[in-house]
Amino acid sequence: MKIEVPARANQPLGMSPATFLRDYWQKQPLLVRGAFPGFSSPVAPDDLAGLACEESALSRIVVETPVRARAQGRGGDTPARSRWELRTGPFDEAEFAKLPKTHWTLLVQDVDKWDAEVAALLDAFAFLPRWRIDDVMISYAEDGGSVGAHVDQYDVFLLQGLGRRRWQISTDPAAPTAFRDDVELKLLAEFTPTHEWTLEPGDMLYLPPGVPHHGVALGACMTYSIGMRAPSQSDLLGDFVDHLIETLPEEARYADDDLAPANGDGEIDEAAIARVVRAMPWLRIGDDGAGGPKHAGRVDRERETGGCSGSVSASSLRTWFGKFITRYRAAQIAAPPPRRLGDAAFRRAIAGGARVLRNPWSRCAWMREGRGARLFVAGEAYPCSLALARALGGDRAPTLDGTTDPRDLALLRTLVDAGHFVLARAPRKGGRP
């Protein structure tokens, strides 16, 4: 498919809406030259700055400080990573006078709610469900202004409104998406463009979710971003659960009228997980090899996504329940010991038969996982051996002098350092510990 097309009369997308939705929507980028011919920005830069000073407007300023590093051994200069600063509004008018001459961007969301002419732009997108459109965000940038190379997780139409902007995108399906860890913004650590264009007023670039892109102002410019609503699965689930909670009666609870005698080692067995499933009948549980109901055809996808194919994986459910049931309902939490036991002293204590005492505020439980186990302590999950899970999950104060597994010893060290367990000396013969 072509990635650049000219607009046609009465077709701002250069094609019919049906063709665009079939071939481009959420599939691949498209640059439309002259999508809005003769476009004149309905909002002036000063008006946008004034809106950014309003208490109820959502606005940001992104300032880039280009940094140059001395090339070793050559005496020349080579580009280095820029420094970035994010400021949030509302802003004072005097703040704009203090901004640098170049390399800054002002962004204001929901301008369509404030300006009727901006709202009228949405008529050109009537082929999309109105509830799917989020807002029109307008950005004003001085020369070199940018928000850095990044990835959006929603569809966006980028309409050039004033001046020129250079856009670079990457259509490489293997393009790296890791973020820089030294800036507040979610900027890509690496970005290698596959396409580059300069957009003039009226040109429009469509980007589906997940396409790395980078826009830089070539002189003062304004860009209108028509963004789509694309709630994350976590947002959908969180809001649905809140809604569901309002409808559930207090007496609807986890029940175990078929309970068999426990063996006292703290295991969450398969019968308990089955009861959890019965207590949440609105969930569809997939099978990932960890037990639970089977849903053929979804197994591999669920292993990768934890249930994003439409059902919750059995493994995800088990891990969640183990964390949930060991998270104490009270506010008290374990605190690290005032002095950390040295590694040598720790090894001597274990070899000498020290008892392992659990903090009373730290709940423990465990589940079988293959030939090993997953230990749950105060809402966290840890892989370990079956023997260690049984020892720490029970009510007794075991000794672990026979423990030699490096992974188990490292986990015990972690739990002791966190204050969930303490090591007590083994009792002397005929005396106190």
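Structure first, text after, so check above.
The paragraphs below set out a description of the structure included in this document. (Residues numbered from 1 in each chain as written. Predicted model: local features only at pLDDT ≥ 70, side-chain atom pairs only at ≥ 80, totals over all residues. Heavy atoms only, no water.)

Thoughts on the overall build of the protein chain
Okay, step 1: When its secondary structure is counted, the protein chain shows 11 helices and 17 strands.
Okay, step 2: The buried share of the protein chain, taken over its 433 residues, is 39%.
Okay, step 3: On the protein chain, roughly 24,500 Å² of surface is accessible, and the fraction owed to carbon and sulfur atoms is 51%. (Helix = DSSP H or I, 4+ residues; strand = E, 2+ residues; numbered from the N terminus. Buried < 20%, exposed > 50% of the residue type's maximum accessible area, 1.4 Å probe, protein only. Areas by Shrake-Rupley, 256 points an atom, 1.4 Å probe, with all protein chains shown as cover.)

Details of the pattern of salt bridges
Working definition: two side chains of opposite charge can pair if their charged atoms are close together.
Okay, step 1: Enumeration according to the criterion identifies 21 salt bridges in this entry.
Okay, step 2: Note that Arg-253 and Glu-250 form a salt bridge whose closest N and O atoms lie 2.5 Å from each other.
Okay, step 3: A salt bridge links Arg-275 to Asp-258; its shortest N-O distance comes to 2.7 Å. Taken as a pair, Arg-275 in helix α6 (residues 270-279) and Asp-258 in the loop between α5 (233-247) and α6 lie far apart in primary sequence, 17 residues in all.
Okay, step 4: A relative accessible area of 6% places Arg-275 in the buried class.
Okay, step 5: Its relative accessible area of 43% is what places Asp-258 among the partly exposed residues.
Okay, step 6: The structure contains a network of salt bridges with shared partners spanning Arg-340, Asp-343, Arg-413 and Asp-417. (Salt bridge = Lys/Arg side-chain N within 4 Å of Asp/Glu carboxyl O.)

Describing the nonpolar core
Okay, step 1: Judged by nonpolar contacts, the single largest core of 43 residues is most densely connected at Phe-20, Leu-48, Leu-106, Ile-138, Phe-157, Tyr-224 and Ile-226.
Okay, step 2: For this core, the secondary structure elements donating two or more residues are β2 (30-33), α2 (45-52), β3 (59-70), β5 (104-108), β6 (133-141), β7 (156-169), β9 (204-207) and β10 (213-228).
Okay, step 3: Leave out the neighbours within four places in its chain, and Leu-48 touches Val-43, Leu-106, Val-108, Val-111, Ile-138, Ser-139, Tyr-140 and Met-222.
Okay, step 4: Formed by 21 residues, the second largest nonpolar core is a distinct cluster that contains Tyr-382, Leu-392, Leu-411 and Leu-412. (Core = buried A, V, L, I, M, F, W, Y, C linked by side-chain atoms within 4.5 Å. Contact = heavy atoms within 4.5 Å.)

Comments concerning the environment of Pro-37
Okay, step 1: By secondary structure assignment, the location of Pro-37 is in the loop between β2 and α2.
Okay, step 2: Among the residues examined, Pro-37 registers a relative accessible area of 70% and is labelled exposed.
Okay, step 3: C-alpha separation for the pair Pro-37 and Asp-203, spaced 166 residues apart in sequence, amounts to 8.0 Å.

What about the side chain of Asp-112?
Okay, step 1: Relative to the elements of secondary structure, Asp-112 occurs in the loop between β5 and α4 (116-120).
Okay, step 2: Among the polar contacts listed, one links the side chain of Asp-112 to the side chain of Lys-113, at a separation of 3.2 Å.
Okay, step 3: Looking at Asp-112, its side chain comes within polar contact range of the main-chain nitrogen of Val-136, at 2.9 Å.
Okay, step 4: With near-sequence residues (within four places) excluded, Asp-112 lies in contact with Val-118, Ala-119, Leu-122, Arg-130, Asp-135 and Val-136. (Polar contact = N/O pair within 3.5 Å; in protein donor to acceptor, adjacent residues only side chain to side chain.)

Quick notes on the packing of α6 against helix α8 (residues 314-325)
Okay, step 1: At a minimum axis distance of 11 Å, the contact between α6 and α8 shows a crossing angle of 95°. Classified by the angle their axes make, α6 and α8 are roughly perpendicular. Along the contact surface, α6 presents Glu-270, Ile-273, Val-276 and Val-277, while α8 presents Leu-317, Arg-318, Trp-320 and Phe-321.
Okay, step 2: Across the contact of α6 with α8, the residue classes tally to 6 nonpolar, no polar and 2 charged. (Axes fitted to C-alpha atoms, helices over the stretch in contact; angles between N-to-C directions. Parallel < 35°, antiparallel > 145°, perpendicular 65-115°, else oblique. Nonpolar A, V, L, I, M, F, W, Y, C, P; charged D, E, K, R; others polar.)

Regarding the packing of aromatic side chains
Okay, step 1: The final tally for this structure, using the stated rule, is 17 aromatic pairs.
Okay, step 2: Each residue in the set Phe-20, Tyr-24, Trp-25, Phe-125, Phe-127, Phe-157 and Tyr-206 is aromatic and connected to the rest through ring pairs, giving one cluster.
Okay, step 3: In this structure, Arg-413 packs its charged tip against the face of Phe-346, placed 4.7 Å from the ring centre. (Phe/Tyr/Trp six-rings, centres within 6.5 Å; stacked < 30°, edge-to-face > 60°. Lys NZ or Arg CZ within 6 Å of the ring centre and 35° of its normal.)

Section: a nonpolar patch on the surface
Okay, step 1: A surface patch of nonpolar side chains, about 550 Å² in accessible area, is lined by Leu-237, Phe-240, Val-241, Ile-245, Leu-248 and Trp-282.
Okay, step 2: Mapped onto the secondary structure, Leu-237 falls in helix α5. (Patch = residues over 30% accessible without salt bridge, like charges linked within 9 Å, V, L, I, M, F, W, Y side chains within 5 Å.)

Considering helix α9 (residues 343-351)
Okay, step 1: Turning to α9, its buried residues are Phe-346, Ala-349 and Ile-350. End-on, the buried residues of α9 take up no more than an arc of 95°, which puts them together on one face. Away from the buried face of α9 by more than 90 degrees, exposed residues Arg-347, Arg-348 and Ala-351 are located.
Okay, step 2: The inward-facing, buried residues of α9 contact α11 (406-418) and β17 (421-424).
Okay, step 3: Immediately beyond the C-terminal end of α9, within one or two residues, lies Gly-353, with a positive phi of roughly 80°. (Arc of directions from axis to C-beta.)

Considerations on the sheet that holds strand β14 (residues 364-369)
Two modes of strand pairing occur in sheets, parallel and antiparallel, and in both the strands are linked by backbone hydrogen bonds.
Okay, step 1: The antiparallel open sheet is built from 3 strands, whose spatial order is β14-β15-β16. Looking along the sheet, the strands with just one partner apiece sit at the ends: β14 and β16 (380-384). Going across the sheet, the axis of each strand differs from the next one's by a mean of 25°, ignoring polarity.
Okay, step 2: Where β14 and strand β15 (residues 372-377) come together, 6 bridges link them in antiparallel fashion. Its bridge partner lying in β15, Ala-365 is registered against Phe-376.
Okay, step 3: Against the sheet, α8 engages β14, β15 and β16, with an angle of about 40° to β15. (Pairing = 2+ DSSP bridges.)

Description of unusual backbone geometry
Okay, step 1: For the peptide bond that leads from Gly-89 to Pro-90, omega is 5°, which places it in the cis range.
Okay, step 2: Within the secondary structure, Pro-90 is located in the loop between β4 (77-88) and α3 (93-97).
Okay, step 3: Positioned with a positive phi, Gln-26 is a non-glycine residue whose angle comes to about 60°.
Okay, step 4: Here Gln-26 is to be found in the loop between α1 (17-23) and β2.
Okay, step 5: For Gln-26, a relative accessible area of 43% puts it in the partly exposed group.
Okay, step 6: Even without glycine at this site, Ala-378 takes up a positive phi of about 50°.
Okay, step 7: Along the polypeptide, Ala-378 turns up in the loop between β15 and β16.
Okay, step 8: Taking relative accessible area as the criterion, Ala-378 reaches 29% and is therefore assigned partly exposed.

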